[in-house]
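These are the residues of each chain, in order.
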Amino acid sequence: MFVPAFLQLHPHFHLFSLTLTPVSLLHCPQAKYNMVSPAIRVAPSAANRALNLLRTVQYTHPPNCPCHGNPNHHHHHKQTPSLLNQVKRHLATPVDRSREKEYAFEMAASSIRFGPGATKEVGMDFTNIGAKRVCIVTDSNVAKLDAMKQAVEGLTREGIQFTIFDKVRTEPKDSSIKEAIEFCKPYKPDAFLAVGGGSVIDTAKLMNLYTAYPEADFLDFVNAPLGKGRPVDKPLLPLVAVPTTAGTGSETTGTAIFDLVSKKAKTGIAHRNLKPTLGICDPLNTRTMPSAVHAASGLDVLCHSLESWTAIPYNERTPRPTNPINRPAYQGANPISDIFSLAALRSTVKYLPRAVRDPDDHEAQSEMLLAATLAGVGFGNAGVHLCHGMSYPISSQNPGYKHHGYEVDHPIIPHGVSVAVTAPAVFRFTAASNPDRHLAAAEAFGVDISNVKRESAGEVLGAAIAEFLVKLGGQPRGLKDLGFKGSDVDGLVEGTIPQQRVLMLAPNLSTELQAERGELRKLLEQSLDY
Ligand SMILES: NC(=O)c1ccc[n+]([C@@H]2O[C@H](COP(=O)([O-])OP(=O)(O)OC[C@H]3O[C@@H](n4cnc5c(N)ncnc54)[C@H](O)[C@@H]3O)[C@@H](O)[C@H]2O)c1
Ligand SMILES: *[C@@H]1O[C@H](CO)[C@@H](O)[C@H](O)[C@H]1NC(C)=O
Ligand SMILES: [Zn+2]
């Protein structure tokens, strides 16, 4: 089994690297994940079974799409009587294995190299890969930073040809992604290098994807139901990612997020083949972040760790894939991602306030970069849920708010701000699913939980998160501070409903559409101010 060796090395390391070969676990020794053995499983009632089958039959996406996984989870709700009858007639047939709950989980992550100054090695990496023509991807702010200088010098030293695309949009939208793809197609690169935050790394992933499928329609690979959720069925070119923020963990994941303007919500493309070949995490590169970017990207880490830690357990997810290629990347909480997510949460609580307050606190900045990558490995395999699901319409339906401290020429609710704003309400809501985990999270915030009742876990964690946000400073105290009104809530609900890939991992969220709508509406209303 994979041992996170760096957790032991830390904090005495200078430079280390981690390669996480995919590992599948069929058995979990931890009691909390113990599977119900088939012998003692309670037979579902005929009515429940009919409903489950009906939901499955109504699932409109191909079951072989790895980008989303839980057909039992809602959104396909036009029940026809004839279909119901059909299902009833088939009740006698043995239950298909794919209707059973998941029993295994799989860990995948990019190779990660971590160390101050490691950026200058990147030229040699491309030589070692055998690359000769590299497309460097960055944005107009990062283009001026030392990280880019180191990268360009590194490639030049190795005699590698390159071109630079420096027009990545902060928080990309479909049109900015398409522009980036058109830029690199004629250059015919044999590798990609992304130097920047999540916006840059995600854009580079999609440049890599669509140059490999020049005939594809843009929506082909986009998460269903907004797009077609087509799987990426061939390897892409090597991509090296050098993060300059401590936030998204995009250097470790196969996820790329953008605003699909016509649908009024962010969405994305998620597939293992999008994963960078190598992530170079160089703490020297995050030193120049404005305080507001430290804060927003760090709140993303906070929510990645909290959401993956509290996501439904992998062995509660259905269906059990009949072929491992159909196991989704976002699988639910599991014993390996737990280690990463909880470590990231503890680090973020400890170091984010320091990194935001003091631009010279290099220890805190370095620890935050590490926490971002840890959380990336955690959520990249376990998934995220409600904060992220609701953040996508919040960012996309921005009424005109421009976050202070962001050097961009358009209104922006930074991703980290849009996820954190619902967090107090979300974890109050999800606590009933697993009070112990929510109490452990509250403890990570420094709450003395020795006398807290399990029924109060949600209240206590919600309050701890709200207090953390207030103390951090510069954060909206609810959606109203971002310019939203009560009358905007319905639009936000409708923009959240299609975020199945993450909602399927949300504990305590109803699978019936109207009930789900009501729950989401309540969460958003509670988030108007806190
Ligand atoms: N792929 C994933 O799994 C994933 C996960 C979470 C979020 N995201 C996406 O990532 C995007 C957000 O990325 P982000 O938070 O890393 O920030 P970002 O890339 O959007 O950058 C934020 C701002 O900071 C500037 N900047 C970046 N690094 C800097 C540095 N070192 N010094 C000075 N300025 C710097 C940028 O130019 C930009 O103006 C969103 O679009 C979000 O949806 C992706
Ligand atoms: C939340 O989920 C848990 C377990 O899945 C269940 O026991 C509990 O009753 C649910 N609570 C609510 C309020 O839905
Ligand atoms: Zn995020």
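Above this text is the structure in question.
Residues numbered from 1 in each chain as written. Chains lettered and ligands numbered in written order. Predicted model: local features only at pLDDT ≥ 70, side-chain atom pairs only at ≥ 80, totals over all residues.

**Comments concerning the overall build of the protein**
For step 1, the next point in the chain: In terms of helices and strands, the protein carries 18 helices and 11 strands.
For step 2, the next point in the chain: Considering the protein as a whole, with its 530 residues, one finds that 51% of them fall into the buried category. (Helix = DSSP H or I, 4+ residues; strand = E, 2+ residues; numbered from the N terminus. Buried ≥ 20, exposed ≤ 12 C-beta atoms within 10 Å, placed from the backbone.)

**Remarks on the site of ligand 1**
For step 1, the next point in the chain: Around ligand 1 there are 35 residues in total, and Asn141, Gly197, Gly198, Ser199 and Thr245 lie nearest to it.
For step 2, the next point in the chain: Within the residue set of the shell around ligand 1, elements represented by two or more residues are α7 (198-212), β9 (255-260), α8 (291-310) and α12 (415-420).
For step 3, the next point in the chain: No other element matches α7, which puts 4 residues into the shell around ligand 1.
For step 4, the next point in the chain: Among the residues forming the shell around ligand 1, the class breakdown is 10 nonpolar, 20 polar and 5 charged.
For step 5, the next point in the chain: Lining the shell around ligand 1 are residues from two domains, each supplying at least three of them: domain 2 (111-286) and domain 3 (291-526). (Near = placed C-beta within 6 Å. Nonpolar A, V, L, I, M, F, W, Y, C, P; charged D, E, K, R; others polar. Domains from an automatic or database assignment.)

**Points about the site of ligand 2**
For step 1, the next point in the chain: Surrounding ligand 2, one finds Ala432, Ser433, Pro507 and Asn508.
For step 2, the next point in the chain: Residue classes in the shell around ligand 2 are distributed as 2 nonpolar, 2 polar and no charged.

**Considerations on the packing of helix α11 (residues 386-396) against helix α16 (residues 489-496)**
A packed helix pair is summarised by two numbers, namely the angle formed by the two axes and the spacing between the axes.
For step 1, the next point in the chain: Packing of α11 against α16 brings their axes to within 8 Å, and their N-to-C directions diverge by 125°. Judged by the angle between their axes, α11 and α16 are oblique. For the element pair α11 and α16, the recorded crossing hand is right-handed. Facing Gly389, Met390, Tyr392, Pro393, Ile394 and Ser396 of α11, the residues of α16 in contact are Leu492, Gly495 and Thr496.
For step 2, the next point in the chain: The class makeup of the residues in the contact of α11 with α16 is 5 nonpolar, 4 polar and no charged. (Axes fitted to C-alpha atoms, helices over the stretch in contact; angles between N-to-C directions. Parallel < 35°, antiparallel > 145°, perpendicular 65-115°, else oblique. Left-handed = near helix turned anticlockwise from the far one by under 90°. Contact = placed C-beta atoms within 7 Å.)

**A look at α8**
For step 1, the next point in the chain: Over its 20 residues, α8 runs 29 Å from end to end, which matches the ideal 28 Å to within 8%, given 1.5 Å per residue.
For step 2, the next point in the chain: Most of α8 is tucked away, with 19 of its 20 residues classed as buried. (Expected span 1.5 Å × (residues − 1).)

**Focus on the pairing of strand β7 (residues 191-196)**
For step 1, the next point in the chain: Burial analysis of β7 places 6 of its 6 residues in the buried class, the great majority of the element.
For step 2, the next point in the chain: Going residue by residue along β7, you find Ala191, Leu193 and Val195 tucked away on one face and Phe192, Ala194 and Gly196 tucked away on the opposite face as well.
For step 3, the next point in the chain: Examined bridge by bridge, strand β5 (residues 133-137) and β7 share 4 bridges and lie parallel to one another. Bridge pairing in β7 places Ile136 opposite Leu193.
For step 4, the next point in the chain: By the bridge criterion, 5 bridges tie β7 to strand β8 (residues 239-243) in an arrangement that is parallel. Bridge pairing in β8 links Leu193 to Val240. (Pairing = 2+ DSSP bridges.)

**Some remarks on α16**
For step 1, the next point in the chain: Buried within α16 we find Leu492, Val493, Gly495 and Thr496. Angularly, the buried residues of α16 cover 165° about the axis, an arc narrow enough to put them on a single face.
For step 2, the next point in the chain: On the buried face of α16, the contacting elements are β10 (265-270), α11 and α18 (513-526). (Arc of directions from axis to C-beta.)

**Regarding the nonpolar core**
For step 1, the next point in the chain: Grouped together as the largest cluster of nonpolar side chains are 141 residues, with contacts concentrated most on Val134, Val137, Phe192, Leu193, Ala194, Val195 and Ala371.
For step 2, the next point in the chain: The leading source of residues in this core is helix α10 (residues 362-382), at 11 residues. (Core = buried A, V, L, I, M, F, W, Y, C linked by C-beta atoms within 7 Å.)

**Comments concerning the packing of α8 against helix α9 (residues 335-357)**
For step 1, the next point in the chain: Close contact between α8 and α9 brings their axes to 8 Å; oriented N to C, the two are set at 155°. With respect to α9, the element α8 is oriented roughly antiparallel. Remark: the crossing between α8 and α9 carries left-handed chirality. Contacts from Ser291, His294, Ala295, Gly298, Val301, Leu302, Ser305, Leu306, Ser308 and Trp309 in α8 reach Ser337, Asp338, Ser341, Leu342, Ala344, Leu345, Thr348, Leu352, Ala355 and Val356 in α9.
For step 2, the next point in the chain: Residues belonging to the contact of α8 with α9 are distributed by class as follows: 11 nonpolar, 8 polar and 1 charged.

**Examining the pairing of strand β11 (residues 278-281)**
For step 1, the next point in the chain: Burial along β11 is two-sided: Leu278 and Ile280 and Gly279 and Cys281, pointing in opposite directions, are all buried.
For step 2, the next point in the chain: Strand direction decides the pairing type here: strand β4 (residues 111-114) and β11, joined by 4 bridges, are parallel. Following the sheet pairing, Ile112 is matched in β11 by Gly279.
For step 3, the next point in the chain: By the bridge criterion, 2 bridges tie β8 to β11 in an arrangement that is parallel. Bridge pairing links Val240 to Leu278 in β11.

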